[in-house]
Amino acid sequence: DDVDLAYEIFETVNAKGVDLNVADLIKNQIFRHVINGDLRHNDSAKERWSLVTENVGAADIPIKDFLSYYWSSKYGYVADRKLYKAIREHFRDDERWDEFLDELVENSIYIRNIFSGTLDDLVAVVGDWTEAVKLFESLRVLRNTKAKTWSILYLSMFRNFFGAEKQVSFMPGNRWDL
């Protein structure tokens, strides 16, 4: 019945050495601060988190890698073991967690396009067939490499070049709409 107590227990279990990854911890913080005892926000937070996991799953990368790529592309590199602490400290204000969740949804759409977007998907993002073909060809080559750190650059590029011009739709069924 006590939502705050549930989150504290979750963090305490993690402090005892149970192997939780950064995505579990971030999800816990998001739900703790976005819902903040108001269960009306619960469905919205769950829906947006589901969109993140669906998009990242379609990109076929672990969500902890997505969080690391996102953070590095926007705030700079942080070692994986320090990522949770960096995010938690950056978003101390309860209201900023809601914005953070929206940013994760938007960036998960970008990461989906980066790792698995088709030419048609990229035309929708770029708005120009010729430029989309160039982008698609460069992504096609990079997608076949073992290292994935290049995605940090592309994630930053998508956000900076395409994010300001178009609105991302967060409604179910519009996973790709930009």
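Residues numbered from 1 in each chain as written. Predicted model: local features only at pLDDT ≥ 70, side-chain atom pairs only at ≥ 80, totals over all residues. Heavy atoms only, no water.

Novice: Explain the pattern of salt bridges to me, and be specific about the residues and the numbers.
Specialist: Under the definition given, this model contains seven salt bridges. A salt bridge links arginine 112 to glutamate 54; the shortest N-O distance between them is 4.0 Å. Pair noted here: arginine 112 is in helix α6 (residues 94–116) and glutamate 54 is in helix α3 (residues 40–59), with a separation of 58 residues, a long-range link. Using a relative accessible area of 10% as the deciding quantity, one classes arginine 112 as buried. Between glutamate 137 and arginine 140 there is a salt bridge, with the nearest N and O atoms lying 2.8 Å from each other. Linking glutamate 137 with arginine 140, this pair stays in helix α8 (residues 129–143), spanning three residues, or about one helical turn. A single salt-bridge network, built from bridges that share partners, covers Arg48, Asp98 and Asp102. (Salt bridge = Lys/Arg side-chain N within 4 Å of Asp/Glu carboxyl O. Helix = DSSP H or I, 4+ residues; strand = E, 2+ residues; numbered from the N terminus. Buried < 20%, exposed > 50% of the residue type's maximum accessible area, 1.4 Å probe, protein only.)

Novice: Quick rundown of the nonpolar core? Include the residues and the values.
Specialist: Ile30, Phe66, Phe100, Leu104, Ile111, Ile114 and Phe158 are the most contacted members of the largest nonpolar core, which totals 46 residues. In terms of residues, this core owes the most to one element, α6, which gives ten residues. Each residue touching phenylalanine 66, except ones within four places of it in the same chain, is listed here: Val52, Val56, Ile61, Leu104, Asn107, Ser108 and Ile111. (Core = buried A, V, L, I, M, F, W, Y, C linked by side-chain atoms within 4.5 Å. Contact = heavy atoms within 4.5 Å.)

Novice: Run through the packing of helix α4 (residues 63–75) against helix α5 (residues 80–90), naming residues and quoting values.
Specialist: Where α4 meets α5, the axes come as close as 11 Å, and the angle between the chain directions of the two elements is 60 degrees. For the element pair α4 / α5, the angle class is oblique. Seen from above, α4 lies across α5 with left-handed handedness. Note on element contacts: α5 touches α4 through Asp80, Leu83, Ala86, Ile87 and His90, opposite Leu67, Ser68, Trp71 and Tyr75. For the contact of α4 with α5, a count of residues per class yields six nonpolar, two polar and one charged. (Axes fitted to C-alpha atoms, helices over the stretch in contact; angles between N-to-C directions. Parallel < 35°, antiparallel > 145°, perpendicular 65-115°, else oblique. Left-handed = near helix turned anticlockwise from the far one by under 90°. Nonpolar A, V, L, I, M, F, W, Y, C, P; charged D, E, K, R; others polar.)

Novice: Describe the packing of α4 against helix α9 (residues 150–162), listing the residues and the values that go with them.
Specialist: With their axes 8 Å apart at the nearest point, α4 and α9 run at an angle of 60 degrees to one another. The two elements α4 and α9 cross, and the hand of that crossing is right-handed. When α4 is examined against α9, the residues Tyr69, Tyr70, Ser72, Ser73 and Lys74 are found in contact with a partner set consisting of Ser151, Ile152, Leu155, Ser156 and Arg159. Classifying every residue of the contact of α4 with α9 gives four nonpolar, four polar and two charged.

Novice: So what about the environment of leucine 51? Which residues, and what values?
Specialist: Tracing the chain through its elements places leucine 51 in helix α3. C-alpha separation for the pair leucine 51 and valine 105, spaced 54 residues apart in sequence, amounts to 6.4 Å.

Novice: Please set out the confidence of the model for the chain residue by residue, giving values where relevant.
Specialist: The predicted model of the chain has a mean per-residue pLDDT of 82, with 75% of residues at 70 or higher. Of all secondary-structure elements in the chain, the lowest mean pLDDT belongs to helix α1 (residues 3–15), at 57, while α4 reaches the highest, 96. Note that residues 165–178 has pLDDT below 50 and, in this model, 34 contacts with residues that lie over four places away or in other chains. (pLDDT = per-residue confidence, 0-100.)

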